Amino acid sequence: MMESDCRHTQPLRGLRSLFIAAVASLCILFPAAFGSAAQPALHHALEVEILHDAKTLRGIDTIRLPKGMSRLRVALRPGVRILTVQGATYTLKAGVLHLNTETADAPSQTVVLRYEGVFDDPFEAEPFSMDNPGQGVMGTITRDAAFFLAGSGWYPMIMEDIPETFRVVVTAPKGIYAVMEGKLEAHTDDADRSLSIWSVDRPSGPLAMFAGRYVVGERMHDKVRIATYFFPANAGLSTRYLDAVQRHIGRYEALHGPYPFAKFAVVENFFPTGYGFPSFTLLGSRVLRLPFIPDTSLRHEVAHCWWGNGVLVDATGGNWCEGLATYVADYLSKEEQSLAEARGYRLRTLEKYALLAAGAQDFPLSMFRSRYNPASQAIGYGKAMFVFHMMRLRIGDAAFWAALRDIYSKRLYQRTNWGHFMDAFAEHGGLSRVAVRTFHDQWITRPGALQLAMDRPRVVSAAGRLQVEGGLIQKSPHFNARVPVAVTGAPVSRKEIVVLDDATATFSIQMPEAPRTVAADPNFDVFRLLYPEEIPATVDAVKGSGALAAVITEDTSQPWAEVFRGLLMGLNHGGTPVWSESRFAAEDTASKDVLFFGMPRREKGRAMLSQLGDGVALSSGAFRVGEEISSRDADTLFAVFKRKQRMVAVFLPVAGTDVETVARTARKITHYGRYGRLSFKSSVNIGKGVGAVSGSPLVVDLGDDS
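The present account deals with the structure reproduced in this document. (Residues numbered from 1 in each chain as written. Predicted model: local features only at pLDDT ≥ 70, side-chain atom pairs only at ≥ 80, totals over all residues. Heavy atoms only, no water.)

On to the overall build of the protein chain. What the protein chain contains, in helices and strands, is 14 helices and 40 strands. In summary, the protein chain has a C-alpha radius of gyration of 28 Å against a globular reference of 27 Å for 706 residues, a match within 12%. Taken over the C-alpha atoms alone, the protein chain extends approximately 95 × 65 × 45 Å along its principal axes. A burial count over the protein chain gives 57% of its 706 residues as buried. In the protein chain, once contacts between residues fewer than 6 apart in sequence are set aside, the share between residues at least 24 apart is 67%. Of the roughly 28700 Å² of accessible surface on the protein chain, a fraction of 50% belongs to carbon and sulfur atoms. (Helix = DSSP H or I, 4+ residues; strand = E, 2+ residues; numbered from the N terminus. Rg over C-alpha atoms; globule rule 2.2 N^0.38 Å. Buried < 20%, exposed > 50% of the residue type's maximum accessible area, 1.4 Å probe, protein only. Contact = heavy atoms within 4.5 Å. Areas by Shrake-Rupley, 256 points an atom, 1.4 Å probe, with all protein chains shown as cover.)

Here helix α5 (residues 339-357) is 19 residues long and its end C-alpha atoms lie 26 Å apart, about the 27 Å a rise of 1.5 Å per residue gives. Immediately downstream of α5, the backbone of G359 shows phi near 105 degrees, a positive value. (Expected span 1.5 Å × (residues − 1).)

Time to look at the layout of surface pockets. Of the voids in this model, the second largest pocket is the one considered here, and its volume is about 700 Å³. If you go around the second largest pocket, you meet 27 residues; those closest to its centre are P532, I535, K642, Q645 and M647. Among the secondary structure elements, those contributing two or more residues to the lining of the second largest pocket are α5, β36 (636-643) and β37 (646-653). Per-element accounting of the lining of the second largest pocket gives the leading share, 3 residues, to β36. (1 Å grid on protein atoms, 1.4 Å probe; cavity = no way out; pocket = protein on both sides within 12 Å on 5 of 7 lines; lining within 4 Å. Points joined across faces, edges and corners; volume = space filled by probe spheres on them.)

Pairing geometry for strand β2 (residues 56-64) and strand β7 (residues 110-118), over 9 bridges, is antiparallel. Within β7, the position partnered with D61 by the bridge is L113. Pairing of strand β4 (residues 81-86) with β7, which is carried by 5 bridges, proceeds in the antiparallel orientation. Each bridged residue has a counterpart across the sheet, and for T84 the counterpart in β7 is R114. (Pairing = 2+ DSSP bridges.)

For the rest of this paragraph, the subject is the side chain of H304. In this structure, H304 sits in the loop between α3 (297-303) and β21 (307-308). Of the polar contacts made by the side chain of H304, one reaches the backbone oxygen of W307; its length is 2.9 Å. In terms of polar contacts, H304 uses its side chain to reach the side chain of E322, at 3.1 Å. (Polar contact = N/O pair within 3.5 Å; in protein donor to acceptor, adjacent residues only side chain to side chain.)

Let us look at the packing of aromatic side chains. Within a pair of aromatic rings, the relevant descriptors are the distance that separates the centres and the angle that separates the planes. Summed over the entire model, instances satisfying the criterion amount to 43 aromatic pairs. Residues Y327 and Y331 carry aromatic rings whose centres are separated by 4.9 Å and whose planes lie at 5 degrees to one another, so their mutual orientation is stacked. With a gap of 4 residues between them, Y327 and Y331 both fall in helix α4 (residues 321-337), about one helical turn apart. Both residues of the pair, Y327 and Y331, count as buried. Seen in terms of ring centroids, F584 and F596 are 5.4 Å apart; in terms of plane orientation they differ by 85 degrees. Their pairing is edge-to-face. Residue F584 is located in helix α12 (residues 581-586), and its partner F596 is located in strand β32 (residues 593-597); the two are separated by 12 residues in the primary sequence. Assessed through its relative accessible area of 2%, F584 is described here as buried. The positively charged end of R446 is found above the aromatic ring belonging to F479, 4.3 Å away from the centroid. (Phe/Tyr/Trp six-rings, centres within 6.5 Å; stacked < 30°, edge-to-face > 60°. Lys NZ or Arg CZ within 6 Å of the ring centre and 35° of its normal.)

This brings us to the sheet that holds strand β33 (residues 616-618). The strand order across the open sheet built from 3 strands is β33-β34-β35, with neighbouring strands paired in antiparallel fashion. Every interior strand has two partners, whereas the edge strands, β33 and β35 (629-630), have only one. In this sheet, β35 lies alongside strand β34 (residues 623-625) in antiparallel orientation, the contact comprising 2 bridges. By the bridge assignment for β35, R624 is matched with S630.

Moving on: unusual backbone geometry. The amide bond that connects S476 to the next residue, P477, takes the cis arrangement and shows omega of 5 degrees. Summarising the element assignment, P477 is placed in the loop between β25 (465-474) and β26 (481-489). Within the chain, A94 stands out as a residue other than glycine whose phi angle is a positive 50 degrees. Even without being glycine, Y413 reaches a positive phi, approximately 70 degrees. Secondary-structure assignment places Y413 in the loop between α7 (397-411) and β23 (415-416).

In spatial order, the strands read β5-β6-β3-β10; together these 4 strands make up an open sheet with antiparallel pairing. Here the strands that pair on one side only, and so sit at the sheet edges, are β5 (89-93) and β10 (157-158). Examined bridge by bridge, strand β3 (residues 71-75) and β10 share 2 bridges and lie antiparallel to one another. Across the sheet, the residue bridging to V74 is I158, located in β10.

Moving on, we get to the environment of R583. Here R583 shows up in helix α12. Residue R583 is classed as partly exposed on the basis of its relative accessible area of 37%. In sequence terms R583 and A490 are 93 residues apart; their C-alpha atoms lie 56 Å from each other.

Counted at 1.5 Å a residue, the expected span for α7 with its 15 residues is 21 Å, and the 21 Å between its end C-alpha atoms agrees. Within α7, burial applies to A399, F400, W401, A402, A403, L404, D406, I407, Y408 and R411. Y413 sits one or two positions beyond α7 and adopts a positive phi of about 70 degrees.

This part is about the pattern of salt bridges. One pass over the full model with this rule turns up 28 salt bridges. Between R583 and E587 there is a salt bridge; the shortest N-O distance is 3.2 Å. Looking at E587, the relative accessible area reads 31%, which means it is partly exposed. Here the salt bridges do not stand alone but share partners, grouping R58, R81 and E116 into one network. (Salt bridge = Lys/Arg side-chain N within 4 Å of Asp/Glu carboxyl O.)

Structure representation (structure tokens):
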């Protein structure tokens, strides 16, 4: 589960493991135990009323038990009160209601529970960090909206392992509509209230529900209802989002198979979230307004309707759905643009792993459940994405996409694990059981990445022909990897796949003309640990620092110091102590990365910043980094530099910039992980860039040997 500093009601104690409350990025998992199609379902006829002024939800749940079932356990959220029970006798123990219909005055298969509870989990409208998606909020009600995650206890949660179906009627003040999984039956208004009626006919896992004073936009895509539920300020974005959803559904229907739900809705939330649920997504207001979201994050959430919310996750062997959704959405969108964009995405994925996860924070994919910090995201999203990419290269496009279509057609609404994917890839790709088991075990059940080196490549002449010979070396533990090796010449380039299944492997590549360079994995197609020389200084590099000195300018007032603490939280260093300049001057910092807040006043800090190169000029009143980033049209700088194997970073507001503007800017830095130079004007990003890298030990200039 995610950790949070927020003081919120914990998920219901005693619920079985399938009640996964909140999942990072962007997907809520519902690995429900459906059982066989013939297994009878328990049905909820649920009526709830949201009392916004009192932050209270009142409900009546009429539960129809399957024939032959007389005992039921219901878990209650702490603070939720059972008002009455009809149709069963009951006892309440440790937050669990034990029901027995056989001992009721008039035994039947129907139990009626009346209950109410206060939902008031605190939230931040503008948090510094999104590493804990949803801030740990489970359930909260505001004046004009409501937020109930699955597992929040907004309805009685059945603890028996049995399929459930629902019909839900939500009453709220006029103009406030509720959204959830399933099919919409009606949104209606009378004089002073609204009704939202939803049915979930397919047995489902726990339900989430959200409500707000929404303007509803909708259209039909074949038989699928596409809808937007936006607050009035963002209602003008509806057409753009409807167009994007329709485009994405069409893309994935062609790639994977028919869309599996009756609707897809884009729902606005009143604090930052990026959640995906069966048939809808919940995005924060600020996120919705970002111009790139309809073609990026939204595509990822639509993909989850096939992977994670359509084909369900058996997370006991690791959650695969974030990696697959990332591959078919985020990565594939880059591949559709160009090979160069796809290569850049793979490189940035490897950078994140090297900076944020490699080493002490690493863990195998079989242990990934959901994102809770940058390291878990780098593994559960990034490494998993690479697993699918490497398998696609191994078996070819036709076999790879056929395998995914096969899994989708056979395992829709079923809990699915990594093994099911491996079986499908083996069947369609013609791989042996040994090959598939080796691939699975090394990439899924073991932590780590390939650590690759090149051994003495040289040009030789054999039988009158030039060829490049050399070797590949890997550090222990060894991976069985297929490593591309490319040789470039003036008119011709050639590439071969070298099978590296031990500590070393050799290669020999013939060239018709004099070769110039040889490179191992030049396009970053293998999940490997990058060399420091291959990684630029970026925001992510600061996030991943294991030895950061956070230094604040002398005589900084308390409001500015709070901004710095918030910035550190967003940079994954919420627990890092803040140093004064006097402490920084007295410490030996040769082994430290350094982040300055403001322009240092003492000589040690000023000298460090003055040695960053001719293209860098920093002062309390102005800044310049290269040709593109300067204070001519900006008021705040965040920049990261490499210096003697360490990093130097600076967050520098120009003198006179107000603290509120700088605070808004500081909240945004964490979202620019791939960049190392950022400038802002009135908290709006106007310039960004990345510093150069020094090269790669895996790229060798053959020089005069040619």
